[in-house]
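Coordinate inspection notes
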Amino acid sequence: METQGESVATAAATKPPANALNGHADRLDHMIHLIRQASEEMGKRNHLATGIALHRALAVLGELRRSLSGEIGFEGLCGTLQHELVRGYRERRVDRIEDVERILDELRSRDAARSGAAR
């Protein structure tokens, strides 16, 4: 059985191809915002607002997953992130949700660095 640290480490090590996120920065930013909102609400023990924010984040992740379905490596990453968000909500574990947020922040930073270097 895979532990939380192993699954998140696996997700972090899986890097989408260079420029895979081009044109999707707004979606990624929106998803990060929703996940932060879910973390805050979970800390307040507001499970309804947590669920709503996570539902919206999962919808954005699903859109991103569909639009990048041909990109090697991205399918597994999205699946792992979805799994961790759902599991974190089900287990009421804010640390799982925050781990996903950190991974998305890192992806966003890498994408921004690639975009800046390409200019």
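Anything mentioned here points back to the structure above.
Attention in this report is confined to the structure presented alongside it. Only a predicted model underlies this, so the values are computations on that prediction, with no experimental measurement involved. (Residues numbered from 1 in each chain as written. Predicted model: local features only at pLDDT ≥ 70, side-chain atom pairs only at ≥ 80, totals over all residues. Heavy atoms only, no water.)

Considering the nonpolar core
Counting residues in each nonpolar core, the largest one holds 24 residues, and the members touching the most others are Met-31, Ile-35, Leu-81 and Leu-104. Sorting the residues of this core by element identifies α2 (25-43), α3 (47-67), α4 (74-91) and α5 (94-118) as the ones contributing at least two each. The biggest single contributor to this core is α2, with seven residues. The contacts of Ile-35, once residues within four sequence positions are left out, are Ala-57, Leu-85, Ile-97, Val-100, Glu-101 and Leu-104. (Core = buried A, V, L, I, M, F, W, Y, C linked by side-chain atoms within 4.5 Å. Buried < 20%, exposed > 50% of the residue type's maximum accessible area, 1.4 Å probe, protein only. Helix = DSSP H or I, 4+ residues; strand = E, 2+ residues; numbered from the N terminus. Contact = heavy atoms within 4.5 Å.)

Examining the pattern of salt bridges
Enumeration according to the criterion identifies twelve salt bridges in this entry. Linking Asp-29 and Arg-108 is a salt bridge whose minimum nitrogen-to-oxygen distance equals 2.9 Å. Highlighted residues: Asp-29 in helix α2 and Arg-108 in helix α5, separated in sequence by 79 residues. Residue classification places Asp-29 among the partly exposed residues on the basis of a relative accessible area of 35%. What makes Arg-108 partly exposed here is its relative accessible area of 22%. With a shortest N-O distance of 2.2 Å, Arg-102 and Asp-99 are connected by a salt bridge. Of the two residues, Arg-102 and Asp-99 are both situated in helix α5; the distance of three residues between them amounts to about one turn of the helix. (Salt bridge = Lys/Arg side-chain N within 4 Å of Asp/Glu carboxyl O.)

Limitation: the analysis is restricted to geometry and does not speak to function.
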